[in-house]
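For reference, the chains in residue letters:
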Amino acid sequence: MGDDFQEVPLYGIFEARAAVSGPLPPDPYGVHFALYFVRQQPTTPPSGDLAEGSSRAGLHVHGFFDASDSAFVVRFSPDIPGSWSWSSNESTLPALRGRRGSFVVAGIAVQDRGPVRAHGSRFLHADGSQHFSVGTTAYAWAHQDVATRRQTLETLRGSPFNKLRMTLLPKWCVLAE
């Protein structure tokens, strides 16, 4: 996590990862960590208004601990093009404070219409186009073997579904009735 230049597409995902040298706290999942994002050159978003939760002054985004590489991570999807900067002055772990960086939000990614939001009784993408949810259900996902999960994901890639509901318990479980 530092000053490396990055370009992120509009509505893409900016990710900042911070590895901590030395021993981790006993409960790294309990560490509070947030980045503060500020647009350096605010412009008007494509939809003409700001995303819910954002402001022209800046935005706090909370992070999480990723045990796969023992890093603290913040992910952010910028809703307005231009230059952005971030700082990490908010953390219960001192080693995560004082980090800074910047990135540029360029044009929109190909075929990305932005996040979906409720607009009255309809759902609209940020570009104003209507969203239609077409979903299916994956039953007892956590109880399936890896090969079945991979096959399910591969099958879904070629399907018309853009929403997936998952159930935790198998259909035969007494608690599921």
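Residues numbered from 1 in each chain as written. Predicted model: local features only at pLDDT ≥ 70, side-chain atom pairs only at ≥ 80, totals over all residues. Heavy atoms only, no water.

Student: Any details on the sheet that holds strand 6 (residues 71–76)? Residues and values, ideally.
Tutor: Strands sit in the order 2-6-5 across an open sheet of three strands; the sheet is antiparallel. Looking at strand neighbours, the two that pair on one side only are strand 2 (14–19) and strand 5 (64–66), the edges of this open sheet. Across the sheet, the mean angle separating the axes of adjacent strands is 35° when strand polarity is ignored. In this structure, strand 5 lies alongside strand 6, joined through three bridges in antiparallel fashion. By the bridge assignment, Phe64 is partnered in strand 6 with Val73. (Pairing = 2+ DSSP bridges. Helix = DSSP H or I, 4+ residues; strand = E, 2+ residues; numbered from the N terminus. Axes fitted to C-alpha atoms, helices over the stretch in contact; angles between N-to-C directions.)

Student: A description of the environment of Ser87 should follow, citing residues and the corresponding values.
Tutor: Within the secondary structure, Ser87 sits in strand 7 (residues 82–91). For Ser87, a relative accessible area of 11% puts it in the buried group. Contact partners of Ser87, with chain neighbours within four places excluded, come to Ala34, Leu35, Tyr36, Arg99 and Arg100. (Buried < 20%, exposed > 50% of the residue type's maximum accessible area, 1.4 Å probe, protein only. Contact = heavy atoms within 4.5 Å.)

Student: Residues and numbers for unusual backbone geometry, please.
Tutor: Even without glycine at this site, Tyr11 takes up a positive phi of about 70°. Mapping Tyr11 onto the fold places it in the loop between strand 1 (7–10) and strand 2.

Student: Now, about helix 1 (residues 146–157): what can you tell me, with residues and values included?
Tutor: Helix length check: helix 1, at 12 residues, gives a terminal C-alpha distance of 17 Å against a target of 16 Å (1.5 Å per residue), a fit within 8%. Little of helix 1 is tucked away, with zero of its 12 residues classed as buried. (Expected span 1.5 Å × (residues − 1).)

Student: Provide a residue-level description of the pairing of strand 2, including the pertinent values.
Tutor: For a regular strand, the rule is simple: side chains alternate between the two faces of the sheet. Going residue by residue along strand 2, you find Phe14, Ala16 and Ala18 tucked away on one face and Glu15, Arg17 and Ala19 left uncovered on the opposite face. With six bridges connecting them, strand 2 and strand 6 associate as antiparallel partners. Across the sheet, Ala19 pairs through a bridge with Ala71, a residue of strand 6.

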